Amino acid sequence: MEFHHIPIMADEVLELLDIKKDGTYFDGTLGGAGHSSLILQKLGENGRLVGIDQDEDAIEAASKRLDPGRKMRFSEGRAVIEKNEGADGRVTIVKSNYENIKIIAKELGIAKADGILLDLGVSSHQFDDAERGFSYQNDAPLDMRMDKDAKISAYDIVNTYSEEELSKVLFHYGEEKFARSIAARIVSARLRGPIETTSELVDIVKASMPASAGRKKGHPARKTFQALRIECNRELDVLKNTLDDMIELLGPGGRLCIITFHSLEDRIVKKHFKEAEDPCICPPDFPVCTCGRKPKGKIITRKPVVPSEEEVETNARSRSAKLRVFEKTMEESSE
């Protein structure tokens, strides 16, 4: 299947990244290089673009689109850089998770970045490729790994987590109010044998809900699949644990642009940006700050940027997207 990547809010991203001709930019969720190909068009001969993705299919598609001069992979804990002398020397593509962005920058000799972009969530290709197991619309093996080499899949979660663990995952990551009922039925069903396919799981979820739930907006299994995907790929933990690293990597005036697709992600980004802008923990009645915590920068988007009605009409998957942008403080970065 060909890897298509329709960049969400492309014009808004390019404007808010405030791309400098000779700047250095990271795309932490490269995908099919939809955004990266547009960033590259704005870079001069001394510009630099680093694309990171953990999905081998995305790496292959993006490489064809961007024709990178360098590729990086990690072997036995060490970075291995492969050079393509005839290709675009401004571009490096790395197979990894963006949680390793500091390590990647160090290996490439990059001290500071002018911009970092994250377009979170699952790509259209991953949803549409039935064999990846991301979609509740197709019958496929339970998988949901963005990195096919990852050890834990949705199959392992569904078939090995305790009832209590499953219930917590479904409730916290899927905000599923029938989490306890679904978890109990999963555990009961797997006593007869492992739950192996997406269709089996969908049937279990449907059977766990009252009939009225099936008549409500949205597929009954949507929240369960979201929760399992997030748990399988550690999506929220990776985001939460890497935000500081990305802000630290930014140079003076550099910008971090993040597109989220559900409230859990957006909440993390919003909270972290606020704390980075105003980190003071002194009591409100203190006349002066004594904690010594300094702002790391400022929030550019007081309210999240959302897709236009026209974009939602042409790309329905953009409907829930929100873009937030943080700019690194000039003074803090120049110390």
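It should be emphasised that the depicted structure is a prediction, and the values quoted were computed from it without experimental measurement. (Residues numbered from 1 in each chain as written. Predicted model: local features only at pLDDT ≥ 70, side-chain atom pairs only at ≥ 80, totals over all residues. Heavy atoms only, no water.)

A. Broad picture of the sheet that holds strand E8 (residues 297-299). Here 9 strands make up an open sheet; going across it, the order is E4-E3-E5-E2-E1-E6-E7-E9-E8 and the pairing mixed. The sheet terminates laterally at strand E4 (78-83) and E8, the two strands that pair on one side only. Going from strand to strand, the sheet's axes swing by 20° on average, the running direction of each strand aside. Relative to strand E6 (residues 113-119), strand E1 (residues 24-27) runs parallel, the two being bridged by 3 bridges. Bridge pairing in E6 links Asp27 to Leu117. Lying over the sheet, helix H1 (residues 10-17) contacts E1, E6, strand E7 (250-260) and strand E9 (322-328), oriented at roughly 160° with respect to E7. (Pairing = 2+ DSSP bridges. Helix = DSSP H or I, 4+ residues; strand = E, 2+ residues; numbered from the N terminus. Axes fitted to C-alpha atoms, helices over the stretch in contact; angles between N-to-C directions. Contact = heavy atoms within 4.5 Å.)

B. Highlighting the nonpolar core. In this structure, Phe26, Ile116 and Leu256 are the most contacted members of the largest nonpolar core, which totals 65 residues. Ranked by the residues each element gives to this core, the list is headed by helix H11 (residues 235-249), at 7 residues. Discounting residues that sit within four places of it in the chain, Phe26 has contacts with Val50, Ile52, Ile101, Ile104, Ala105, Ile110, Ala113, Gly115, Ile116, Leu117 and Leu249. With 26 residues, the next largest nonpolar core counts Val13, Leu14, Leu40 and Ile59 among its residues. (Core = buried A, V, L, I, M, F, W, Y, C linked by side-chain atoms within 4.5 Å. Buried < 20%, exposed > 50% of the residue type's maximum accessible area, 1.4 Å probe, protein only.)

C. Focus on H11. For H11, which comprises 15 residues, the first-to-last C-alpha distance of 20 Å matches the rise-based estimate of 21 Å (1.5 Å per residue) to within 8%. Listed as buried for H11 are Glu235, Leu236, Val238, Leu239, Thr242, Leu243, Asp245, Met246, Ile247 and Leu249. (Expected span 1.5 Å × (residues − 1).)

D. Structural context of a negative patch on the surface. Taken together, the side chains of Glu131, Asp139, Glu196, Glu200 and Asp203 define an acidic patch exposed on the protein surface. Note that Asp203 resides in helix H9 (residues 198-207). (Patch = residues over 30% accessible without salt bridge, like charges linked within 9 Å, V, L, I, M, F, W, Y side chains within 5 Å. Areas by Shrake-Rupley, 256 points an atom, 1.4 Å probe, with all protein chains shown as cover. Salt bridge = Lys/Arg side-chain N within 4 Å of Asp/Glu carboxyl O. Lys, Arg positive; Asp, Glu negative; His and termini not counted. Charge placed at Lys NZ, Arg CZ, Asp CG, Glu CD.)

E. Inspection of the environment of Ser318 at higher detail. With respect to the helices, strands and loops of the structure, Ser318 is situated in the loop between helix H13 (309-314) and E9. Residues Ser318 and Val187 lie 131 residues apart in sequence; the distance between their C-alpha atoms is 35 Å. Excluding residues within four positions of it along the chain, Ser318 makes contact with Ile8, Pro307, Glu311 and Val312. Here Asn315 takes part through its backbone oxygen, which lies 2.7 Å from a polar atom of the side chain of Ser318. (Polar contact = N/O pair within 3.5 Å; in protein donor to acceptor, adjacent residues only side chain to side chain.)

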